[in-house]
Amino acid sequence: MTTSRTETVLAINEDIERLPLDALLDRLLTSQKAALDRVGEALPSIERAVEAAVSRLQAGGRLVYAGAGTSGRIGLQDGVELTPTFGVAPEKLVLLLAGGAGATTQAAEGAEDREDQARLDLLDYHPTEHDVVIGVAASGNTPYTCAVVQLGREVGALTIGVSGNPESRLLREAEFGICIPTGAEVLAGSTRMAAGTAQKVTLNLFSTALMTRLGHVYRGRMVDMRISNDKLQVRAERMVMELAGGTAEEARDALKRVQGNTKRAVLLRHGVALAEIEPLLERCQGNLHLALAGLL
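Here we summarise the structure given alongside this text. Position numbers for residues count from 1 along each chain, tracking the sequence in the order it is written. The predicted nature of this model means local features are confined to residues of pLDDT at least 70 and side-chain atom pairs, given and counted, to a pLDDT of 80 or more, with totals for whole chains, interfaces and linings taken over all residues. The side-chain figures draw on all heavy atoms in the structure; neither hydrogens nor water molecules are used.

### Looking at the overall build of the protein chain
A count of helical and extended segments in the protein chain gives 13 helices and seven strands. On the principal axes, the C-alpha backbone points of the protein chain span a range of 65 × 50 × 35 Å. The classification of residues rests on relative accessible area computed with a 1.4 Å probe and restricted to protein chains. Under 20% of the type maximum is buried, over 50% is exposed, and intermediate values are partly exposed. Out of the 296 residues in the protein chain, the part that is buried amounts to 45%. Sequence separation of 24 or more characterises 65% of the internal contacts of the protein chain that already satisfy a separation of 6 or more. Working definition of accessibility: Shrake-Rupley area with a 1.4 Å probe, residue cover restricted to the visible protein chains. Put simply, the protein chain shows about 14600 Å² of open surface, and 52% of that area lies on carbon and sulfur atoms. Working convention for charge: Lys and Arg count positive, Asp and Glu count negative, and His plus the chain ends are omitted. Here the site of a charge means NZ on Lys, CZ on Arg, CG on Asp, or CD on Glu. Between the mean site of the 31 positive side-chain charges and the mean site of the 37 negative ones, the protein chain shows a separation of 5 Å. Here a strand is any run of E in DSSP of at least two residues, a helix any run of H or I of at least four, and the numbering for each starts at the N terminus. Should any heavy atoms of two residues lie within 4.5 Å, those residues are counted as being in contact.

Below is the structure:
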């Protein structure tokens with residue numbers, strides 16, 4: 001079996017556990033900064049993936065995240081946050097983790113090797129050509145993750161692979177590969193370190209840029225966020241006032257009439273009739289700039 005790059009032990013780190021605490025922390029931080037540099041080098045690949053994903057999701061597709069272990073949990077976290085942050089309907093997200101839900105809090109031994117289970121897991125959601133399947137694996141050779149991406153491509157879905165290994169199966173299977181070669185870890189084999197940081201930042205960039213292109217952002221504000229507590233209610237009211245004027249009471253009333261959606265409350269405050277809001281947004285593919293173009 002070929003040793004992963006993350007398993008390599010660097011001579012400089014042979015005595016890392018004996019370093020003074022300040023030196024240890026500096027060593028760890030330096031590795032994290034280097035990981036961010038690798039993400040920077042991958043920006044053109046991330047851009048291409050975002051551009052390709054926009055049309056699939058506009059056609060009604062779903063975002064499918066797949067992974068195992070640390071990589072899988074990072075993907076899971078990115079996907080879960082899209083509903084409260086950008087208002088993505090839960091049914092538009094498919095979150096696949098080797099070993100199932102139980103693997104979010106404890107290791108699922110052997111689950112990452114189950115290609116057969118990976119295919120069954122994705123088939124349960126009846127994937128189509130409109131879906132976007134994102135596989136995340138530091139080594140790029142995790143059987144579960146590669147099998148999900150392979151099946152996604154077979155059915156015509158857009159497939160994206162995020163890996164730290166430029167010669168990996170995952171990047172070969174995926175239509176769009178994002179390679180972030182963070183190399184040897186400070187702690188040999190611990191992909192929760194540099195590789196994990198690079199994956200988290202890469203997915204943050206990908207999903208945030210994608211949501212922005214899909215119209216969930218207007219003038220730097222998350223106008224489709226879900227209002228789930230008092231703090232977010234106040235934030236939504238403030239956004240409506242900033243974007244459409246009026247008092248807090250008027251903003252609150254507008255939000256109530258549109259079931260708490262900031263984007264729709266802004267349109268209502270700009271004079272769009274309640275019955276016309278959905279047809280207008282559909283014509284403009286959810287883009288508030290376009291929807292307001294003829295009103296301001």
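### What to know about the sheet that holds strand E2 (residues 93–97)
Across the sheet, five strands lie side by side as E2-E1-E3-E4-E5; this open sheet has parallel pairing. The two strands at the open ends of the sheet, each matched to only one other strand, are E2 and strand E5 (176–179). Strand-to-strand twist in this sheet, taken as the mean axis angle between neighbours without regard to direction, amounts to 15°. For two strands to count as paired, DSSP must find a minimum of two bridges between them. Judged from the four bridges that link them, strand E4 (residues 158–163) and E5 form a sheet pairing that is parallel. Bridge assignment links valine 162 to a residue of E5, and that residue is isoleucine 178. The convention used is that axes are lines fitted to C-alpha atoms, helices contributing only their stretch in contact, and that angles between N-to-C directions extend from 0 to 180 degrees.

### Some thoughts on the environment of glutamate 51
In this structure, glutamate 51 sits in helix H2 (residues 43–58). Separated by 155 residues in the primary sequence, glutamate 51 and phenylalanine 206 have C-alpha atoms spaced 9.9 Å apart.

### Examining the nonpolar core
With 32 residues, the main nonpolar core has Leu63, Ile134, Phe206 and Leu210 as its most contacted residues. Sorting the residues of this core by element identifies helix H1 (21–41), H2, strand E1 (63–67), helix H4 (82–86), strand E3 (132–137), E4 and helix H8 (194–213) as the ones contributing at least two each. Broken down by element, this core gets its largest block of residues, seven residues, from H2. Dropping the residues within four chain positions of it, leucine 210 is found in contact with Val50, Ala53, Val54, Leu57 and Leu63. One finds Val223, Leu267, Leu280 and Leu288 within the second-largest nonpolar core, a separate group that totals 25 residues. Working definition of a nonpolar core: buried Ala, Val, Leu, Ile, Met, Phe, Trp, Tyr and Cys residues. They are joined through side-chain atoms within 4.5 Å.

### Remarks on helix H11 (residues 262–269)
By the criterion of burial, H11 is predominantly enclosed, with six of the eight residues buried. Buried residues of H11: Thr262, Lys263, Ala265, Val266, Leu267 and Leu268, and no others. On its buried side, H11 packs onto helix H9 (230–244), helix H10 (248–257), helix H12 (274–283) and helix H13 (288–293). By the N-cap criterion, in which a side-chain oxygen at the helix start approaches the backbone nitrogen of a residue two or three places on, H11 is capped by asparagine 261, the distance to lysine 263 being 3.3 Å. Directly after H11, the chain includes glycine 271, whose backbone phi takes a positive value near 100°. Polar contacts, as counted here, are pairs of nitrogen or oxygen atoms within 3.5 Å of one another; within protein the pair requires one atom able to donate a hydrogen and one able to accept it, and residues that are adjacent in sequence qualify only if both atoms are side-chain atoms.

### Side note on the pattern of salt bridges
Put simply, a salt bridge is a Lys or Arg side-chain nitrogen that is within 4 Å of an Asp or Glu carboxyl oxygen. The full count for this structure, using the stated rule, is 14 salt bridges. With a shortest N-O distance of 2.8 Å, aspartate 116 and arginine 114 are connected by a salt bridge. Given the relative accessible area of 43%, aspartate 116 is considered partly exposed. For arginine 169, the salt bridge is made with glutamate 173, and the minimal N-O distance between the two is 3.1 Å.

### Notes on unusual backbone geometry
Phi is positive for arginine 219, close to 50°, though the residue is something other than glycine. Take arginine 219: it is sitting in the loop between strand E6 (217–218) and strand E7 (221–222). Taking relative accessible area as the criterion, arginine 219 reaches 48% and is therefore assigned partly exposed. At glutamine 285, a position not held by glycine, the phi torsion is positive, near 50°.

### Side note on the environment of leucine 295
Topologically, leucine 295 is positioned in the segment after H13. Since its relative accessible area comes to 40%, leucine 295 is described here as partly exposed. Leucine 295 sits 149 residues away from cysteine 146 along the chain, and the two C-alpha atoms are 48 Å apart. Setting aside anything within four residues of it in sequence, one finds leucine 295 in contact with Leu267, His270 and Val272.

### Comments concerning H8
What a helix is expected to span follows from its residue count: subtract one and scale by 1.5 Å. Between the first and last C-alpha of H8 there are 28 Å, a value that for 20 residues agrees with the 28 Å anticipated at 1.5 Å per step. Turning to H8, its buried residues number three or more, namely Ala194, Ala195, Gly196, Thr197, Ala198, Gln199, Thr202, Leu203, Phe206, Ser207, Leu210 and Met211. Just past H8, the residue glycine 215 takes up positive phi, approximately 90°.

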